[in-house]
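Next come the chains, spelled out residue by residue.
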Amino acid sequence: MNAPSTFIRETVSLSIEGMTCASCVGRVERALKGVAGVVDASVNLATERADVRLATPVARVDLIRAVENVGYSVSAGTIELSIDGMTCASCVGRVERALRAVPGVSEATVNLATERATVKGSADVATLIRAVEEVGYVAHPVDRSAAANAEADSKKEEEYRALTRDLAIATGLTLPVFILEMGSHVIPGMHHLIASTIGETASWLIQFVLTTLVLAFPGIRFYQKGIPALLRAAPDMNSLVAVGTLAAYLYSLVATFAPALLPAGTVNVYYEAAAVIVTLILLGRVLEARAKGRTSEAIKRLVGLQAKSARVRRGGIVLEVDVSQVAPGDIVEVRPGERVPVDGEVVEGESWIDESMITGEPLPVAKSAGAVVTAGTVNQTGAFAFRTTAVGSDTMLAQIIRMVEEAQGSKLPIQGLVDKITMWFVPAVMTLAALTFGVWFLFGPDPALTFGLVNAVAVLIIACPCAMGLATPTSIMVGTGRGAELGVLFRKGDALQGLQDAKVVALDKTGTLTEGKPTLTDLVVADGFDRADVLSRIAAVEEKSEHPIARAIVAAAATEGLALPALSSFESVTGFGVTAEAGGLRVEIGADRFMAELGHDVTSFAATAMRLADEGKSPFYAAIGGRLAAIIAVADPIKATTPEAISALHALGLKVAMITGDNRRTAEAIARRLKIDEVVAEVLPDGKVAAIKRLKALGPVAFVGDGINDAPALAEADVGLAIGTGTDVAIEAADVVLMSGSLKGVPNAIALSRATMQNIRQNLFWAFAYNAALIPVAAGALWPVSGILLSPVFAAGAMALSSVFVLGNALRLRRFKAPMAEPLRSA
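- An unreviewed UniProt entry lists the protein under the name P-type Cu(+) transporter, with Gemmobacter aquaticus given as the organism.
- According to UniProt, the comment filed for the protein under the heading Subcellular location (unreviewed entry) is "Cell membrane".
- Under the heading Sequence similarities (unreviewed entry), UniProt records this for the protein: "Belongs to the cation transport ATPase (P-type) (TC 3.A.3) family. Type IB subfamily."

Set out below in structure tokens:
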């Protein structure tokens, strides 16, 4: 066996998939122990984990192969790496190809704006880091701690200061060079002034010294990165700058110190081109670094919301401790004006809390005993104490930060085209530059060598893969950050692209269109039944259910002070109703379809049912002791934000559909009130997926839901949006999370998606159109018709402007105005 290139020493843990019994455990253990170098292997069925102890270095891939050979698999993990040294789209493609070539890697995406790589698979960190280093970059694991974030910010600030310092030095050295050379061509009489004072030779020597200093100090970064990349046959943007400026500089050196080597009429210097190119590109880098910092301001603001300390009751006294020392179950005190340090539930006191940075809602929310409070929100007037329910990475704020970071680091489908082009872009530019030189040298007018050199350098400098690499990720960063400020979290980056194409917005009714807190409005009993007796028996049965309608009935019985009879033989029939024995009598509760299945005729309540349905209420029935006993109606109030949100969706040109388990008459009554276009009624929980599939005939569907039974529909829709106040299961299945709990987030999310994608298209058009238009100009395409050539100096300026334009355009998304960003005012 060949020695593996990357080793894991001492102990390694693997997550094993596919084990079902003790035999599986034994099989996996024997397979791992059979790998040369393994001392012991312990496999746990409950945790589905294998801990392997090593005597000698063993490649992780060998352990994985051993597990796979006996029929099991090692689950793919996700590793995030911070990548240093990337400057353009070519760098991104090179790092991605290096990572994907590592055995065990199933997927790798690299983001130029965030300077991070996300790698999925079973490869270990050391192997990935080495793969990145082999193509000329530096990688290290992402550390999300506060200290690491502060260190990263400090490092970026230091880089920005270094760029600014080098730009100042380069500008100071370049200005005399530019004046000496270009002034002679532009300012009348200056050529004669220089010739009569210091002379042309002295002028060239001064330019040589100053340009050498520019290239050797502020500009050295381009050669340190560009030349090695060129020697590896993997040129990047730095290589273009290095080759272009060195060509101009070396030609000038020959003209200055060995003019006899050049053909007659070609002895000219281009020191100013080399110096000005470096200076202008440094200016672009400074502006780019500044703009990049602003693209991640939303994340920085979210991180800044995290409190540093908390006042915790311990041992009868209140101690101020670091927030990292707060444990679940601790009682934490919060004073007016302070940030809530961790998530929890209020146990004493009352106050109003500003939750705008979490939900996007500008109005403070009242909190009293039993209310949930969230880390990062700001207490307004009162003082209160709460019991901690989540700390550290489990808090909602930490999860929001994680979701936004993941979305910002994602790669949209539209990026695929960019990746294919940029893979060949820099080599193609260098080839074009060589062809440009050859054509001008062979067929151009005298001095052909000079024309060939100048135009080849212009081609090298004008090409800007930076703009291509930044076009998509910067817009994603700013767009998702703005979304977080509005309470719209894109959990998956491709949802940002998919949402713009939605033609239909399908809405679950309960908890989405409505408050999800129904109240009992009607109870009409049949002849021979007592209302109080019927309500107490129904409430006894519904007390076993967690359904909102059931809770409304139980609450009504409690309000009337009714004693509930003993219950037995409870059974729930999903999508139909429930049955049980309450006080010795069989009680059956459900919709008309359930009553029909049980053989109960509901026609005696037909007029009442029609009236209730027309009022938008949900009628259902109860049978007691084998006889139809009552018709019941529960109304779930429509959220105050719902009508305006639906109007906003219509204004965006979308069809709105409602999916509900209510009978059709009730559903259509609600739809008429809310001006909903399509109604899918009487749908069982497992029928929502089929309903989504039918609606797809109208176009791409965005589904909005909040319950556990919405999770399959959220996954089936082209884009799933979960109301943030809903269940964790629904949120996990969704592509977008609306933190406010209102439908206002839906038009905001769709409008933001459209604005972001429009911004990306503008950036990509600029990046590609810029190169498509200016590379031929730089090569001299206009010379035959107009006699115009593009100076390398102007090429450098245009190149710097290209990246700055893309970043500036992306930053416009920070001012995105959502359709429903303003607070609703009550009439």
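Let's talk about the overall build of the protein
In step 1: Scanning the protein for helices and strands turns up 30 helices and 30 strands.
In step 2: Reported as C-alpha extents along the three principal axes, the dimensions of the protein are approximately 120 × 70 × 60 Å.
In step 3: For the protein, the proportion of its 827 residues judged to be buried stands at 53%.
In step 4: When contacts within the protein are restricted to residue pairs at least 6 apart in sequence, those whose partners lie at least 24 apart make up 68%.
In step 5: Of the accessible surface of the protein, which amounts to about 35800 Å², a share of 58% is contributed by carbon and sulfur atoms.
In step 6: The averaged location of the 83 negative side-chain charges in the protein is 3 Å from the averaged location of its 73 positive side-chain charges.

Comments concerning the UniProt feature "domain: HMA" (unreviewed entry) in the protein
In step 1: Here, UniProt's "domain: HMA" (unreviewed entry) annotation points to residues 10–75 and 77–140.
In step 2: Each end of residues 77–140 is marked by a C-alpha atom, and these two atoms are 17 Å apart; helix forms 34% of the span and strand 38%.

Let's talk about the sheet that holds strand S13 (residues 351–354)
In step 1: Taken in spatial order, the 3 strands line up as S14-S13-S16 in an open sheet, and their pairing is antiparallel. Looking along the sheet, the strands with just one partner apiece sit at the ends: strand S14 (365–367) and strand S16 (378–379).
In step 2: Where S13 and S14 come together, 3 bridges link them in antiparallel fashion. Looking across to S14, one finds that Trp352 is bridged to Ala366.

A look at unusual backbone geometry
In step 1: Here the amide bond leading from Asp446 into Pro447 is cis, since omega sits at -5 degrees, within 30 degrees of zero.
In step 2: One can find Pro447 in the loop between helix H14 (415–443) and helix H15 (448–462).
In step 3: Of note in this structure, Ser569 is not a glycine but carries a positive phi near 55 degrees.
In step 4: With respect to the helices, strands and loops of the structure, Ser569 is situated in strand S21 (residues 567–573).
In step 5: The exposed category is assigned to Ser569, whose relative accessible area is 51%.
In step 6: Here the phi dihedral of Glu682 falls at roughly 55 degrees; this positive angle occurs in a residue that is not glycine.
In step 7: Relative to the helices and strands, Glu682 resides in the loop between strand S27 (678–680) and helix H25 (688–695).

Quick notes on the UniProt feature "transmembrane region" (unreviewed entry) in the protein
In step 1: The UniProt feature table records "transmembrane region" (unreviewed entry) at residues 167–187, 202–220, 240–262, 268–287, 421–443, 449–472, 764–783 and 789–811.
In step 2: With 84% helix and 0% strand, residues 202–220 has its two end C-alpha atoms placed 25 Å apart.
In step 3: For residues 268–287, helix accounts for 85% and strand for 0%, while the C-alpha atoms at its two ends are 33 Å apart.

Details of the confidence of the model for the protein
In step 1: Summing up the model confidence of the protein, the mean pLDDT is 85 and the portion of residues at 70 or higher is 92%.
In step 2: The lowest-confidence element of the protein is helix H27 (residues 728–733), averaging 60 in pLDDT; the highest-confidence one is strand S11 (residues 331–334), averaging 96.
In step 3: Every residue in residues 1–9 scores below 50 in pLDDT, and together they form 18 contacts with partners more than four places removed in sequence or on other chains.

Some points on the pattern of salt bridges
Two side chains that carry opposite charge are able to pair once their charged atoms sit near each other.
In step 1: Taken as a whole, this structure holds 20 salt bridges when the rule is applied.
In step 2: Here Arg531 and Glu560 are joined by a salt bridge, their closest N and O atoms 3.1 Å apart. One end of the pair, Arg531, is in helix H19 (residues 531–542); the other, Glu560, is in the loop between helix H20 (548–559) and S21, with 29 residues separating them in the sequence.
In step 3: Exposure remark for Arg531: the relative accessible area of 35% places this residue in the partly exposed category.
In step 4: One continuous salt-bridge network, built from bridges that share partners, spans Arg165, Asp166 and Arg221.

Some thoughts on the packing of aromatic side chains
In step 1: A complete count under the given rule lists 12 aromatic pairs for this structure.
In step 2: Here the aromatic rings of Phe208 and Phe257 are separated by 5.1 Å at their centres, their planes lie at 80 degrees, and the arrangement is edge-to-face. Of the two residues, Phe208 is situated in helix H7 (residues 199–216) and Phe257 in helix H9 (residues 237–257); the sequence distance between them amounts to 49 residues.
In step 3: Taking the relative accessible area as the measure of exposure, Phe208 reaches 22% and is therefore partly exposed.
In step 4: The partly exposed category is assigned to Phe257, whose relative accessible area is 48%.
In step 5: For the pair Phe605 and Tyr621, a centre-to-centre distance of 6.4 Å together with 40 degrees between the ring planes defines the contact as tilted. With a gap of 16 residues between them, Phe605 in the loop between helix H21 (592–598) and helix H22 (606–614) and Tyr621 in strand S24 (residues 618–624) connect regions that are remote in the sequence.
In step 6: A relative accessible area of 6% means that Phe605 is categorised as buried.

Let's talk about helix H28 (residues 745–779)
In step 1: Between its terminal C-alpha atoms H28 stretches 50 Å, which fits the 51 Å expected from 35 residues at 1.5 Å a residue.
In step 2: Of the residues trailing H28, Gly780 is marked for its positive phi of about 105 degrees.

Description of a nonpolar patch on the surface
In step 1: On the surface, Phe437, Val439, Phe441, Leu442 and Phe443 cluster together into a nonpolar patch covering about 540 Å² of accessible area.
In step 2: One can find Leu442 in helix H14.
In step 3: Taking the relative accessible area as the measure of exposure, Leu442 reaches 62% and is therefore exposed.

What to know about a positive patch on the surface
In step 1: Taken together, the side chains of Arg290, Arg294, Arg812 and Arg815 present a region of like positive charge at the surface.
In step 2: When you line up the elements, Arg294 lands in helix H10 (residues 271–295).
In step 3: The exposure class of Arg294 is partly exposed, given its relative accessible area of 35%.

So, the environment of Pro518
In step 1: Mapping Pro518 onto the fold places it in the loop between helix H18 (509–513) and strand S20 (519–525).
In step 2: The exposure class of Pro518 is buried, given its relative accessible area of 9%.

Digging into the sheet that holds strand S6 (residues 105–111)
In step 1: Read across the sheet, 4 strands follow the order S6-S7-S5-S8 without closing on themselves; strand pairing throughout is antiparallel. Each of the sheet's edge strands pairs with one partner strand only, and the pair in question is S6 and strand S8 (138–141). Sheet twist, expressed as the mean angle between neighbouring strand axes with direction ignored, is 25 degrees.
In step 2: Two strands pair when backbone bridges link them, and strand S5 (residues 77–84) and S8 are joined in this way by 4 bridges, in the antiparallel orientation.

Thoughts on the side chain of Asp522
In step 1: Counting through the fold element by element, Asp522 comes out in strand S20.
In step 2: What makes Asp522 buried here is its relative accessible area of 14%.
In step 3: Of note is the side chain of Asp522, whose polar atom sits 2.8 Å from the side chain of Thr521.

Comments concerning the packing of H28 against helix H30 (residues 792–811)
In step 1: Their axes nearest at 9 Å, the elements H28 and H30 cross at an angle of 170 degrees. Relative to H30, H28 is oriented roughly antiparallel. Two secondary-structure elements touch here, H28 through Asn759, Gln762, Asn763, Trp766, Tyr770 and Leu774 and H30 through Ala795, Ala798, Met799, Ser802, Phe805, Val806, Asn809 and Ala810.
In step 2: Each residue belonging to the contact of H28 with H30 can be placed in one class, and the counts come to 9 nonpolar, 5 polar and no charged.

A look at helix H2 (residues 60–69)
In step 1: Those residues of H2 lying buried are Arg60, Asp62, Leu63, Ile64, Ala66 and Val67.
In step 2: The secondary structure elements touched by the buried residues of H2 are strand S1 (11–17), helix H1 (22–33), strand S2 (38–44), strand S3 (49–54) and strand S4 (73–74).
In step 3: One or two steps after H2, the chain reaches Gly71, where phi turns positive at roughly 95 degrees.

Describing the environment of Leu567
In step 1: Considering the arrangement of structural elements, one finds Leu567 in strand S21.
In step 2: Assessed through its relative accessible area of 26%, Leu567 is described here as partly exposed.
In step 3: Sequence separation of Leu567 and Lys544 is 23 residues, and the distance between their C-alpha atoms is 9.3 Å.
In step 4: When residues no more than four places from it in sequence are discounted, the contact partners of Leu567 are Ala540, Val541, Lys544, Ala580, Glu581 and Ala582.

Criteria and cut-off values
Residues numbered from 1 in each chain as written. Predicted model: local features only at pLDDT ≥ 70, side-chain atom pairs only at ≥ 80, totals over all residues. Heavy atoms only, no water. UniProt positions renumbered as here; feature names shortened; annotations may be inferred. Helix = DSSP H or I, 4+ residues; strand = E, 2+ residues; numbered from the N terminus. Buried < 20%, exposed > 50% of the residue type's maximum accessible area, 1.4 Å probe, protein only. Contact = heavy atoms within 4.5 Å. Areas by Shrake-Rupley, 256 points an atom, 1.4 Å probe, with all protein chains shown as cover. Lys, Arg positive; Asp, Glu negative; His and termini not counted. Charge placed at Lys NZ, Arg CZ, Asp CG, Glu CD. Pairing = 2+ DSSP bridges. pLDDT = per-residue confidence, 0-100. Salt bridge = Lys/Arg side-chain N within 4 Å of Asp/Glu carboxyl O. Phe/Tyr/Trp six-rings, centres within 6.5 Å; stacked < 30°, edge-to-face > 60°. Expected span 1.5 Å × (residues − 1). Patch = residues over 30% accessible without salt bridge, like charges linked within 9 Å, V, L, I, M, F, W, Y side chains within 5 Å. Axes fitted to C-alpha atoms, helices over the stretch in contact; angles between N-to-C directions. Polar contact = N/O pair within 3.5 Å; in protein donor to acceptor, adjacent residues only side chain to side chain. Parallel < 35°, antiparallel > 145°, perpendicular 65-115°, else oblique. Nonpolar A, V, L, I, M, F, W, Y, C, P; charged D, E, K, R; others polar.

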